[in-house]
Amino acid sequence: MEGTGTRVRLGTGIGWRSEIADGIEALPGIDWVEVVAENICPGHLPDALQRLRERGTTVVPHGVSLGLGGAELPDPERLKALAERAEALQAPLVTEHIAFVRAGGPQTGTPRMEAGHLLPVPRTWDALHVLCENVRIAQEALPVPLAVENIAALVNWPDEELTEGQFLAELVERTGVRLLIDVANLHTNHVNRGEDPATALDELPLEALAYVHVAGGFERDGVWHDSHGHAVTQPVLDVLAQLCARTAPPGVLLERDENFPAVGELEGELGSIRAVLERHGSQRAVAHG
Amino acid sequence: MAEPSGTDAARDLSGARERLSRAQAGLLATLVAGAPVPPGFDADRLEVQRRALIGKRADVVAKVAPELPQILGETVFRSAFAAYARGRPMTGGYRLDALNFAGHLLEQGADGRKGPAADRSTRRKLRLWWLERSGPEPLPQGRIRRRLHLLRLG
């Protein structure tokens with residue numbers, strides 16, 4: 001378990017998916033990749049991923065099934081599996097989500113149900129206390145620091161007691177966990193919940209930032225769908241720019257999970273991301289110079 | 001942000017887990033098991049989320065069982081899966097979900113020969129797909145032996 005003091009510099013990366021493995025291998029300037037932890041087996045890493053590792057590319061396992069924001073204690077078997085993947089990949093950190101993914105069971109009078117997706121946690125003190133205990137348990141079980149990600153939500157919980165920024169700030173203060181900030185998810189919550197990304201960025205502790213996710217989506221009938229299957233749009237790059245105006249992110253990663261385009265298109269998106277980073281890097285240098 | 005002094009949540013962690021458990025189960029039951037909309041939620045937004053969950057579930061089932069959209073055709077696969085998934089929560093993994101979906105279509109087809117598996121050739125392909133995966137052992141190799149085996153299974 002570690003605090004937020006030591007930062008790992010990751011650089012620019014892309015979500016590794018088997019469908020685009022060849023393309024990723026050919027892309028120039030990929031400093032690191034993220035793999036969905038549940039999709040790999042520690043003893044049998046895909047050859048293409050193994051070649052990237054041999055080339056010195058950092059690989060970070062990104063879990064999707066722990067459900068740290070769920071009402072139950074995290075499953076020891078799932079935690080053990082995540083820890084094994086971190087060790088097999090010699091990852092500098094592992095990441096998961098602030099979400100619940102399953103619910104129900106004998107105590108609730110409903111059957112056990114899997115959501116098959118990340119669902120938002122109510123921003124209440126109750127949910128915060130539960131999440132903090134779950135995060136501490138995960139930190140104890142993992143061999144490297146943990147960072148947790150803000151998710152995209154279509155649904156609003158009634159009677160919330162904290163804003164997204166306040167909720168994340170309390171979580172970091174109480175657990176020392178790091179943050180993976182998804183700027184596309186901040187944009188999603190802007191469209192779907194009317195929450196201004198600037199307010200969230202002002203409130204959350206950016207010194208705990210581990211890295212940033214950027215992804216594409218689309219708007220339909222006034223609802224933003226964080227599809228990871230469409231191009232990255234300007235409003236999402238604008239939120240990235242707002243973040244970069246406040247801090248230099250230790251890493252930025254492009255996520256694409258569906259509807260894979262030619263690798264040249266992904267290269268173009270990485271170029272747009274790098275342009276935002278460089279523009280704000282030079283502006284900060286002037287401001288602090 | 002100071003925590004309101006009236007809340008004893010810090011000392012009442014098991015109470016917090018119980019309250020959160022009920023709230024999350026209530027919301028998820030609406031999204032995947034056809035339960036009524038819990039108080040305070042926007043029904044339209046829950047419907048958008050419900051459809052999104054089914055769409056994603058269908059995506060993953062199509063990935064783990066690519067033969068199903070091939071047998072049924074992409075459009076029929078999507079609409080039949082959405083009809084199957086409504087009110088039927090996923091309890092195991094996606095492979096089990098794919099098997100249960102195929103089994104559901106076969107049952108539906110058997111009952112008055114309706115639904116997406118009513119067509120004889122589709123039904124035969126679907127049944128073979130289901131049998132190859134749901135039994136305790138793989139089907140025998142060779143056309144004749146396999147056919148005899150399937151006849152015995154009825």
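Residues numbered from 1 in each chain as written. Chains lettered and ligands numbered in written order. Predicted model: local features only at pLDDT ≥ 70, side-chain atom pairs only at ≥ 80, totals over all residues. Heavy atoms only, no water.

S.K.: How do you make sense of the overall build of chain B when you look at a structure like this?
M.R.: A count of helices and strands for chain B gives seven helices and zero strands. Evaluated residue by residue, chain B yields a buried proportion of 38% over its 154 residues. Long-range contacts, defined here as pairs at least 24 residues apart, represent 46% of the contacts in chain B between residues at least 6 apart. With the model as given, the accessible surface of chain B reaches about 9000 Å², and the carbon-plus-sulfur share is 54%. (Helix = DSSP H or I, 4+ residues; strand = E, 2+ residues; numbered from the N terminus. Buried < 20%, exposed > 50% of the residue type's maximum accessible area, 1.4 Å probe, protein only. Contact = heavy atoms within 4.5 Å. Areas by Shrake-Rupley, 256 points an atom, 1.4 Å probe, with all protein chains shown as cover.)

S.K.: Help me understand the overall build of chain A in this model?
M.R.: When helices and strands are counted, chain A shows nine helices and twelve strands. In summary, chain A has a C-alpha radius of gyration of 18 Å against a globular reference of 19 Å for 289 residues, a match within 12%. Over its C-alpha atoms, taken along the principal directions, chain A stretches across nearly 55 × 45 × 40 Å. Counting only residues that meet the buried cut, chain A has 59% of its 289 residues in that class. For chain A, contacts bridging at least 24 residues in sequence account for 78% of all contacts bridging at least 6. Accessible surface for chain A amounts to roughly 11100 Å². Of this, 49% is attributable to carbon and sulfur atoms. Mean positive and mean negative side-chain charge positions of chain A (22 and 43 charges, respectively) differ by 4 Å. (Rg over C-alpha atoms; globule rule 2.2 N^0.38 Å. Lys, Arg positive; Asp, Glu negative; His and termini not counted. Charge placed at Lys NZ, Arg CZ, Asp CG, Glu CD.)

S.K.: Mind showing me how you'd approach unusual backbone geometry here?
M.R.: When glycine is set aside, most residues are seen to have a negative phi, and most peptide bonds are trans. All names here are of chain A. For Asp159, which is not glycine, the phi dihedral falls at a positive 60 degrees. Mapped onto the fold, Asp159 is located in the loop between strand 7 (146-149) and helix 5 (164-175). The class for Asp159 is exposed, based on a relative accessible area of 69%. Positive phi outside glycine occurs at Asp221, with the angle close to 50 degrees. Asp221 gets classed as exposed once you look at its relative accessible area, which sits at 77%.

S.K.: What is the right way to look at helix 1 (residues 13-32) of chain B in this model?
M.R.: Since there are 3.6 residues in each turn of an α-helix, residues three or four apart along the chain are aligned in direction. Compared with an ideal rise of 1.5 Å per residue, which puts 20 residues at 28 Å, helix 1 of chain B spans 28 Å between its outermost C-alpha atoms and is within 8% of the ideal. Just downstream of helix 1 of chain B, Gly34(B) is the residue with a positive phi angle, here 75 degrees. (Expected span 1.5 Å × (residues − 1).)

S.K.: I'm lost on the confidence of the model for chain A in this one. Help?
M.R.: As a general rule, the predicted coordinates of low-pLDDT regions are not to be interpreted in detail. Across chain A, pLDDT averages 94, with 97% of residues at or above 70. Under a pLDDT of 50 for its full length, residues 1-5 of chain A has, in the predicted model, 13 contacts with residues more than four places off or in other chains. (pLDDT = per-residue confidence, 0-100.)

S.K.: What exactly am I supposed to notice about the interface of chain A and chain B here?
M.R.: Frequently, the measure chosen for interface size is the accessible area removed from exposure when the parts meet. Residue-level contacts link 43 residues of chain A with 38 residues of chain B. Both faces combined, the contact of chain A with chain B buries some 3500 Å², and carbon together with sulfur accounts for 65% of it. Our count for the chain A to chain B interface comes out at four salt bridges. With a closest N to O distance of 2.5 Å, Arg17(B) and Glu133(A) form a salt bridge. Of all the elements in the fold, those that place two or more residues in the side of chain A that touches chain B are strand 5 (100-105), strand 6 (110-119), helix 4 (125-141), helix 5 and strand 11 (223-225) of chain A. Considering every element that reaches the side of chain A that touches chain B, the biggest residue donor is strand 6 of chain A, with eight residues. Looking at the side of chain A that touches chain B, its residues break down into 17 nonpolar, 14 polar and twelve charged. (Buried area = accessible area lost by both parts, 1.4 Å probe. Salt bridge = Lys/Arg side-chain N within 4 Å of Asp/Glu carboxyl O. Nonpolar A, V, L, I, M, F, W, Y, C, P; charged D, E, K, R; others polar.)

S.K.: How do you make sense of the side chain of Thr175(A) when you look at a structure like this?
M.R.: All names here are of chain A. Mapped onto the elements, Thr175 comes out in helix 5. Looking at Thr175, its side chain comes within polar contact range of the main-chain oxygen of Leu171, at 2.7 Å. Thr175 has contacts with Cys132, Val135, Arg136 and Gln139, leaving out every residue within four places of it along the chain. (Polar contact = N/O pair within 3.5 Å; in protein donor to acceptor, adjacent residues only side chain to side chain.)

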